[in-house]
Amino acid sequence: MKALGWDRPDVILVTGDAYIDSPHVGVAVIGRWLEKHGFRTAIIAQPSSSDGRDITRLGEPRLFWGVSGGCVDSMVANHTALKKWRKQDDYTPGGVNARPNRAAMAYTNLIRRHFKETKPIVLGGIEASLRRVAHYDYWDDAVRRSVLFDAKADAIIYAMGEKTVLEFARALDEGRDWSRIRGLCRIAKEKPEGMSAHWAADCPRSSAERAEGKWIELPSYEEAAASKDVFWRMFETFALDAASETTGFVQKHGDRYLVHNPSQPPPRDAELDDIYSLPFERDAHPYYKTGEIRALETIRQSITTHRGCFGQCNFCAIAVHQGRQVTSRGEDSILEEVRRIAARPGFNGIIYDVGGPTANMYGYVCTKGGVPCRTKFCLMPQTCQKLAPGHARQIALLKRILQVPKVKKVFVSSGIRYDLVVSDAKGGPAYVEQLVEHHVSGQIKVAPEHYDNDVLSLMNKPSIKSLMRFKSMFDEACKRKDKRYFMTYYLMVAHPGCETEHMYKLRSFLQGGLRATPEQVQIFTPTPSTFSAAMYYCERDLSGKPIFVEKNPFGKDRQKSMIRGNRRHFTTIRFW
């Protein structure tokens, strides 16, 4: 600050991660974005929550505090699916877990404790974004209030917040009202003026009404917490309309209201290019001298090509946070980033990943335009014909990256949506050929998650037929190119609706159909504001039919062990 001639920052961002100045890290992107637009922005990373020595280090900001739990929800970062404490934290030097539980709340309380009459405190990042309305919390096994009330903050900037945070900073700087900014939640004593309140689950709205713009009053926190039926209606209404740019929500908490303003439109391609052109160091701050940060090695030489996901898997938080539409960067912007990476000292000639939430959605657009369909899925039960143009644009991009000087190898390490590949009759086979010839580092990652169609349907995942078609394409391409590559399968157990009989089917398929012993097996974790978490809590499927939900930790662990046929573990469970 002395070197820059600052008397104090305009904005101080507080994060639960160590500070990595990278386009893959949300707090770094927000910091650089505000800096680009003239705001003096400082960052306090992983402050001590037991005293004020860190949080008071830079004084008070001129405009506001921004608080984030980090790149990963702090409860997910700190606890396994069986609620055991994690020993490893990839976002902390030396891997020692340092963030508090419910970090957004802990850091907000820390600021309030040491700055009595402070500037506004704004929550952001995935932890706040997923908890912005009343939600089921797996770790408490209860419905909790919006984190805005529990943290006693002033606002939440939800989703990918570049537009909102800039508008918010400008409004404060100019002394203007910020309460109606898109992409923002706030607390109010009264409902917004002129709102027409109803539950969409009870009174479905026409497309004309949605285009005109409406406020929806969700069931109150108290009503949702008291009844699983009410909670389900509340969550379904929120989830189906959360992506709307014309719909806002109101939810009563006690004698006050959560006001959830309509969302920001997704960034245009050029806006995304502007964000990724910021001067990131792609390194950890030199302050850290206590060990490596494992996440840094994954992202230092990797490229994000797009945001958002058409997949809408019921257990995944990406669609809730990044959006159900895909925005792709321009090829020239991506190539310029590759050149910057290649020019860095110590570059070894390898780009470790070119992708996004799903590697092969780059370049895909919905030709319908506008907001996503309210009750239809882009890829289920089959790929929508309005998704275009296919894999040709990504193939061209990968070929151009290989031509950049100093680049020797380019890998695609993000997961591949195989049903998109097999549905692209023209570009799919060419994409697989390109991957096998140039972009596989020994294995390729896919996420079938399960085998049984009933379980896959509850997950909103494609049937196993598309996986087998993709495997055939991949194996044949390996034979033609004389490559000995293999596929790595991500699997999930104990998802709502998954029973012992389903696990026997999955194990039989792995042994017979795939002839594989998977290494990547995870126990389902109900993350807030996902349909799978709502199914877990309410013990019902999307149609309202009751389903089995494995909630016993021994039963969950047993399902995981069944994949590898650990009979001794079965005996232990039965005895228990």
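Before any of the text, the structure's been laid out above.
Here goes a summary of the coordinates provided. (Residues numbered from 1 in each chain as written. Predicted model: local features only at pLDDT ≥ 70, side-chain atom pairs only at ≥ 80, totals over all residues. Heavy atoms only, no water.)

1. A short note on the pairing of strand E12 (residues 256-260)
1) Next: By the criterion of burial, E12 is predominantly enclosed, with four of the five residues buried.
2) Next: When strand E9 (residues 184-188) meets E12, the two strands line up antiparallel, connected through four bridges. Paired with Cys-185 across the strands is His-260, a residue of E12.
3) Next: As defined by bridge partners, strand E11 (residues 247-253) adjoins E12 across five bridges and the pair is classed as antiparallel. (Buried < 20%, exposed > 50% of the residue type's maximum accessible area, 1.4 Å probe, protein only. Helix = DSSP H or I, 4+ residues; strand = E, 2+ residues; numbered from the N terminus. Pairing = 2+ DSSP bridges.)

2. Section: the environment of Ala-494
1) Next: Its place among the elements puts Ala-494 in the loop between strand E23 (486-493) and helix H19 (500-514).
2) Next: Once the C-alpha coordinates of Ala-494 and Ala-396 are considered, the two residues, 98 residues apart in sequence, prove to be 40 Å apart.

3. Quick look at helix H1 (residues 26-36)
Residues lying three or four places apart along an α-helix face the same way, a consequence of the helix completing one turn every 3.6 residues.
1) Next: Burial analysis of H1 places eight of its 11 residues in the buried class, which makes it a mostly covered element.
2) Next: Those residues of H1 not exposed but buried are Val-27, Ala-28, Val-29, Ile-30, Gly-31, Arg-32, Trp-33 and Leu-34.
3) Next: Contacts made by the buried residues of H1 are with strand E1 (11-15), strand E2 (20-21), strand E3 (41-45), helix H6 (162-174), helix H10 (269-276) and strand E15 (306-307).
4) Next: With its phi angle positive at about 95°, Gly-38 sits one or two positions after the end of H1. (Contact = heavy atoms within 4.5 Å.)

4. Examining the environment of Asp-557
1) Next: Within the secondary structure, Asp-557 is located in helix H21 (residues 553-562).
2) Next: Residue classification places Asp-557 among the partly exposed positions, given a relative accessible area of 26%.
3) Next: Here the alpha-carbon distance between Asp-557 and Glu-336, two residues 221 residues apart in the chain, equals 46 Å.

5. Here's the deal with empty space enclosed by the protein
1) Next: Considering all chains together, one arrives at one cavity of 30 Å³ or more under this definition.
2) Next: Taken as a whole, the largest cavity holds about 50 Å³ of empty space.
3) Next: Along its surface, the largest cavity is lined by Val-133, Ala-134, His-135, Tyr-136, Phe-231, Phe-235, Pro-528, Ser-529, Thr-530, Ala-533 and Ala-534.
4) Next: Mapped onto the lining of the largest cavity, the elements with two or more residues apiece are strand E6 (135-137), helix H9 (228-241) and helix H20 (531-538).
5) Next: Considering only residue class, the lining of the largest cavity consists of eight nonpolar, three polar and no charged. (1 Å grid on protein atoms, 1.4 Å probe; cavity = no way out; pocket = protein on both sides within 12 Å on 5 of 7 lines; lining within 4 Å. Points joined across faces, edges and corners; volume = space filled by probe spheres on them. Nonpolar A, V, L, I, M, F, W, Y, C, P; charged D, E, K, R; others polar.)

6. Focus on unusual backbone geometry
1) Next: Here the residue pair Met-380 and Pro-381 is connected by a cis peptide bond, since its omega of 0° sits within 30 degrees of zero.
2) Next: Of note, Pro-381 is situated in the loop between strand E19 (365-366) and strand E20 (387-388).
3) Next: Notably, Lys-406 is not glycine yet its phi reads approximately 80°, a positive angle.
4) Next: Exposure remark for Lys-406: the relative accessible area of 57% places this residue in the exposed category.
5) Next: Backbone geometry places Glu-449, a non-glycine residue, at a positive phi of 70°.

7. Section: the side chain of Glu-550
1) Next: Along the chain, Glu-550 falls in the loop between H20 and H21.
2) Next: In this structure Glu-550 is buried but unpaired, with Arg-558 as the nearest side chain of opposite charge at 6.7 Å.
3) Next: Of note is the side chain of Glu-550, whose polar atom sits 3.1 Å from the backbone nitrogen of Asn-552.
4) Next: Those residues in contact with Glu-550, other than ones at most four positions away along the chain, are Tyr-536, Gly-555, Lys-556 and Gln-559. (Lys, Arg positive; Asp, Glu negative; His and termini not counted. Salt bridge = Lys/Arg side-chain N within 4 Å of Asp/Glu carboxyl O. Polar contact = N/O pair within 3.5 Å; in protein donor to acceptor, adjacent residues only side chain to side chain.)

8. Here's the deal with the sheet that holds strand E22 (residues 443-449)
By definition, the strands of a sheet pair up through backbone hydrogen bonds, in either a parallel or an antiparallel sense.
1) Next: Judged by pairing direction, the sheet is parallel, and its three strands sit side by side in the order E22-E23-E24 without closing on themselves. With one partner strand each, in any of the chains shown, E22 and strand E24 (520-523) form the two edges of the open sheet. Ignoring which end each strand starts from, the neighbouring axes of this sheet average 20° apart.
2) Next: Pairing analysis gives five bridges linking E22 to E23, with the strands arranged parallel. Across the sheet, Gln-443 pairs through a bridge with Phe-486, a residue of E23.
3) Next: Sitting on the sheet, helix H18 (residues 464-481) touches E22 and E23, and the angle it makes with E23 is about 165°. (Axes fitted to C-alpha atoms, helices over the stretch in contact; angles between N-to-C directions.)

9. Comments concerning the pairing of E24
1) Next: Burial along E24 is one-sided: the residues Val-521 and Ile-523 are buried and none of Gln-520 and Gln-522 is.
2) Next: Bridge count between E23 and E24: four bridges; the pairing is parallel. Bridging across to E24, Tyr-490 finds its partner in Gln-520.

10. Observations regarding helix H16 (residues 428-439)
1) Next: Every buried residue of H16 is listed here: Gly-428, Tyr-431, Val-432, Glu-433, Gln-434, Leu-435, Val-436 and His-439.
2) Next: Its buried side turned inward, H16 meets helix H14 (392-402), strand E21 (409-410), helix H15 (418-423), E22 and H18.

11. Brief notes about the sheet that holds E11
1) Next: The strand order E3-E1-E4-E5-E8-E9-E12-E11-E10 describes an open sheet built from nine strands, whose pairing is mixed. Unpaired on one side and paired on the other, E3 and strand E10 (214-218) mark the two borders of the sheet. Going across the sheet, the axis of each strand differs from the next one's by a mean of 25°, ignoring polarity.
2) Next: Its contacts with the sheet place H6 against strand E4 (64-68), strand E5 (121-124), strand E8 (155-157) and E9, and it is angled at close to 160° to E4.

12. Focus on the packing of aromatic side chains
1) Next: Counted by the stated rule, this structure contains 15 aromatic pairs.
2) Next: Taken together, a centroid distance of 6.2 Å and an interplanar angle of 40° make the contact between Tyr-136 and Tyr-536 tilted. In this pair, Tyr-136 is assigned in strand E6 and Tyr-536 in helix H20, connecting sequence segments 400 residues apart.
3) Next: Note on Tyr-136: relative accessible area 2%, which makes it buried.
4) Next: Here Tyr-536 falls in the buried class, since its relative accessible area comes to 3%.
5) Next: Geometrically, the ring pair formed by Phe-231 and Tyr-537 is edge-to-face, given 5.1 Å between the ring centres and 85° between the ring planes. (Phe/Tyr/Trp six-rings, centres within 6.5 Å; stacked < 30°, edge-to-face > 60°.)

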